[in-house]
Amino acid sequence: MASTTTTTTATTKTQIDSDGSTTTTITETVAATSPKFDRPREQLRDAYAECQCGSTVISVVGTNEPLGGVRVICACCDCRTHIEWCKSKGGPSYSPKLCASSYWKNDLMVIRGREYLKAYKLTADSPGRRLIATCCYTAMFLDHPFYEGKYAGILEGDATDEQLYSVMKNSKKPPYAALSFRRDISPETSKAYPPEFFGLDPKNDFTGDEPDFLERLSVIMEPIGKNADQERHAQTLQEIIEDVGTDIMNANSEANALGGPYQKDYLTRVIVPMMAAVAADAKNENETTN
């Protein structure tokens, strides 16, 4: 439950009366601040995402650790465009060079601020849906068809300086396992942040254009999927999004494709069509068998 803290301000005013005497008046003004969550409460023993102003909190039920103990650095222009759009609306003021991302059990409890939640897509044809706390335009969780509803992604903050801002609280921060879509950042940023800066094995630092990129990244991400099937006690990210509705940002990712000609996010260009093809093959095989 949320509690409200109050601030009391005392103002002293001295007045000289007509007979030469003085009168002192003390006026107290009591102002309520925005509600703050009582941290010892049970809900906040778990990891939770909190917006910049503190009005919206979503906990991940029963855990403090990302699935599989895996975090990934995302350099794709779409994720950076998402954060920049939020910033343009008054969101957190940092501009991530490289996004720190993690993946969580798809069992979420909205502790407070449901009325502020809204899902957005970058464009009408974007497959990803990004949950945002509109009280202060903080990016919260991310859903994508590639996740198959098994887990909830989140952009925690800037991987180059995690002290700047972090959406996830009370959570473990395992080392980074991979960097994806390096092709979308500028040559200057790429040079400033080589794989060694993050303690990464260079073979897990991907431009996003490698012929075997998907296969190699899937191996790194495998522990996430293995740990995703757990009993649920609250809502899935997809259920929350259905409740709050989805709107369109109409945001242009091309401006953030700094490493060369704009290419649509690899997930959109390759993985989604691949998933559709696999589903079609499975359907055809099933129909043939029957």
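Quick note: structure is the one above.
Keep in mind it's a predicted model, so treat the numbers as computed, not measured.

### Let's talk about the sheet that holds strand S10 (residues 117-121)
- On the basis of which strands lie adjacent, the open sheet formed by eight strands has the order S15-S7-S8-S13-S12-S11-S10-S16 and mixed pairing. Looking at which strands have only one partner, the edges of the open sheet turn out to be strand S15 (176-180) and strand S16 (246-248). Neighbour-to-neighbour, the strand axes of this sheet turn through a mean angle of 35°, independent of strand direction.
- Lying over the sheet, helix H3 (residues 213-226) contacts strand S7 (71-74), strand S8 (99-105), strand S13 (151-158) and S15, oriented at roughly 150° with respect to S15.

### Quick word on unusual backbone geometry
- For Tyr 137, which is not glycine, the phi torsion reads 55° and is therefore positive.
- Take Tyr 137: it is sitting in the loop between strand S11 (129-133) and strand S12 (138-143).

### Here we look at the nonpolar core
- Residues Ile 58, Trp 85, Leu 108, Leu 131, Met 140, Phe 141 and Met 168 are the most contacted members of the largest nonpolar core, which totals 55 residues.
- Top element by residues in this core is H3. It accounts for five residues.
- Within the second largest apolar cluster, eleven residues are counted, among which are Ile 73, Leu 98, Leu 179 and Tyr 193.

Definitions and limits used
Residues numbered from 1 in each chain as written. Predicted model: local features only at pLDDT ≥ 70, side-chain atom pairs only at ≥ 80, totals over all residues. Heavy atoms only, no water. Pairing = 2+ DSSP bridges. Helix = DSSP H or I, 4+ residues; strand = E, 2+ residues; numbered from the N terminus. Axes fitted to C-alpha atoms, helices over the stretch in contact; angles between N-to-C directions. Contact = heavy atoms within 4.5 Å. Core = buried A, V, L, I, M, F, W, Y, C linked by side-chain atoms within 4.5 Å. Buried < 20%, exposed > 50% of the residue type's maximum accessible area, 1.4 Å probe, protein only.

No statement about biological role is implied by the geometric values presented.
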